[in-house]
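Close look at the chain arrangement
Here's the letter readout for the chains.
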Amino acid sequence: MSMAHTQTDSFSVNRAGAGRREMVGFRVGDQAFCIDITSVLEIRGWTPATPVPQSPHYMKGVVNLRGSVLPIIDLAARLGLPTTEPSARHAIMVANCGGRTVGLLVEGVSDIVQLDDADRQATPDMGHGQGGVVAGIFAVDGAMLSLLDLDNLLPPDRSRPADEAFDAIAAA
C-alpha cells in the first residue's frame, strides 16, 4: 500500500488475538471513521478530478490512475455531511467498495489502528440515515470511531439514472 499523503501518520500495532483487525483511521469533517485495511489499495494526495455529467451528487469526478479511470467519491457528501472543497491537505483512499475500485476523498488519514471486533458497538437505530453505511462504532481513547461498511456505501439505489451512470463509469 502506498502511503504518499503527507498527513498520514501510522504506527506499529501489536498483532495479538484472532478477533483483532487492522483499520485505517481517517477524518471526514469533524468525525472520525475507519475501514478495514485489507480494503485499501493505496493512499494518495488530492488530484483534481474531471467532473462527469449526470453523476450522483457525491461523485467529484474521475482521475487517471495509471491508465485506469478512477471515480472519486466525496465521502462527506455521501454520508450526508457538507460537501468537501478539496485542497492539498486532503487525501484519496483508493479502496475496494462493493467489488468496485473507487477513490474516497477524505480530509486526512490519521493512523492505522488495531481494533477488537468484540469492542464494536451497534449503530443506534434512528429510523433513517446512515444505518446501512456505518457497520458499528468503536470507543477509542475517549473518541468515537465509526466503522464504514464499504459494501453498502455505493450506490444506495440502483434504479436511479445517476447511479446507473456511476456504475458505467466505475466499471470502465
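Residues numbered from 1 in each chain as written. Predicted model: local features only at pLDDT ≥ 70, side-chain atom pairs only at ≥ 80, totals over all residues. Heavy atoms only, no water.

Moving on: the sheet that holds strand 7 (residues 100-106). Pairing is mixed in the open sheet, where five strands are placed in the order 3-6-7-5-4. Edge positions in the sheet fall to strand 3 (40-45) and strand 4 (59-65), since each has one partner strand and no second. The sheet shows a mean angle of 30° between the axes of neighbouring strands, direction not considered. (Pairing = 2+ DSSP bridges. Helix = DSSP H or I, 4+ residues; strand = E, 2+ residues; numbered from the N terminus. Axes fitted to C-alpha atoms, helices over the stretch in contact; angles between N-to-C directions.)

Time to look at the packing of aromatic side chains. Following the criterion strictly, the structure yields one aromatic pair and no others. Relative to Phe33, the ring of Phe26 has its centre 6.1 Å away and its plane inclined at 20°; by these criteria the two rings are stacked. Accessibility expressed as a relative area gives 1% for Phe33, which makes it buried. (Phe/Tyr/Trp six-rings, centres within 6.5 Å; stacked < 30°, edge-to-face > 60°. Buried < 20%, exposed > 50% of the residue type's maximum accessible area, 1.4 Å probe, protein only.)

Let us look at the nonpolar core. Within soluble globular proteins, side chains that are nonpolar tend to cluster in buried spots. Grouped together as the largest cluster of nonpolar side chains are 32 residues, with contacts concentrated most on Phe26, Leu75, Met93, Leu104, Leu148 and Leu153. Excluding residues that lie within four positions of it along the chain, Leu148 makes contacts with Phe26, Phe33, Cys34, Ile35, Leu75, Leu79, Val133 and Val134. Ranked by size, the runner-up nonpolar core spans eight residues in total, among them Met23, Cys34, Leu145 and Leu147. (Core = buried A, V, L, I, M, F, W, Y, C linked by side-chain atoms within 4.5 Å. Contact = heavy atoms within 4.5 Å.)

Each strand in a sheet pairs with another by means of backbone hydrogen bonds, the pair being arranged parallel or else antiparallel. Taken in spatial order, the five strands make up an open sheet running 8-1-2-10-9, and their pairing is mixed. The outermost strands of the open sheet, each flanked by one partner alone, are strand 8 (108-116) and strand 9 (134-140). Taking the axes of each pair of neighbouring strands and ignoring which way they run, one obtains an average angle of 35° across the sheet. Bridging between strand 1 (residues 20-28) and strand 2 (residues 31-36) involves six bridges; their strand directions are antiparallel. Note that in strand 2 the partner of Val28 across the bridge is Gln31.

A word on the pairing of strand 6 (residues 91-97). Of all seven residues making up strand 6, six are buried, and the element is well covered by its neighbours. One ladder, built from seven bridges, connects strand 6 with strand 7; its direction is antiparallel. Bridge assignment links Ala91 to a residue of strand 7, and that residue is Val106. From the end of strand 6 to the start of strand 7, which pair antiparallel, there are two residues, and Gly98 there has a positive phi angle of about 60°.

For the rest of this paragraph, the subject is the environment of Ser110. Residue placement: Ser110 occurs in strand 8. Between the C-alpha atom of Ser110 and that of Phe33, which follows or precedes it by 77 residues, the distance is 9.7 Å. Looking at Ser110, its side chain comes within polar contact range of the side chain of Asp111, at 3.4 Å. (Polar contact = N/O pair within 3.5 Å; in protein donor to acceptor, adjacent residues only side chain to side chain.)

In this section: unusual backbone geometry. For residues that are not glycine, phi is negative in most cases, and the peptide bond is trans in most cases. The phi angle at Gln54 is positive, at roughly 60°, despite the residue not being glycine. Tracing the chain through its elements places Gln54 in the loop between strand 3 and strand 4. Residue Gln54 is classed as exposed on the basis of its relative accessible area, which comes to 72%. In this structure, Asp141 takes a positive phi of about 50° despite not being glycine. If you trace the backbone, Asp141 turns up in the loop between strand 9 and strand 10 (143-148). Residue classification places Asp141 among the exposed positions, given a relative accessible area of 81%.

With that settled, the discussion passes to the confidence of the model for the chain. Mean pLDDT over the chain: 81, with 76% of residues reaching 70 or higher. When mean pLDDT is compared element by element in the chain, strand 5 (residues 68-74) scores highest at 96, while helix 2 (residues 161-171) scores lowest at 57. A low-confidence stretch, residues 1-16 (pLDDT under 50), is modelled with 44 contacts involving residues beyond four sequence positions or located in other chains. (pLDDT = per-residue confidence, 0-100.)

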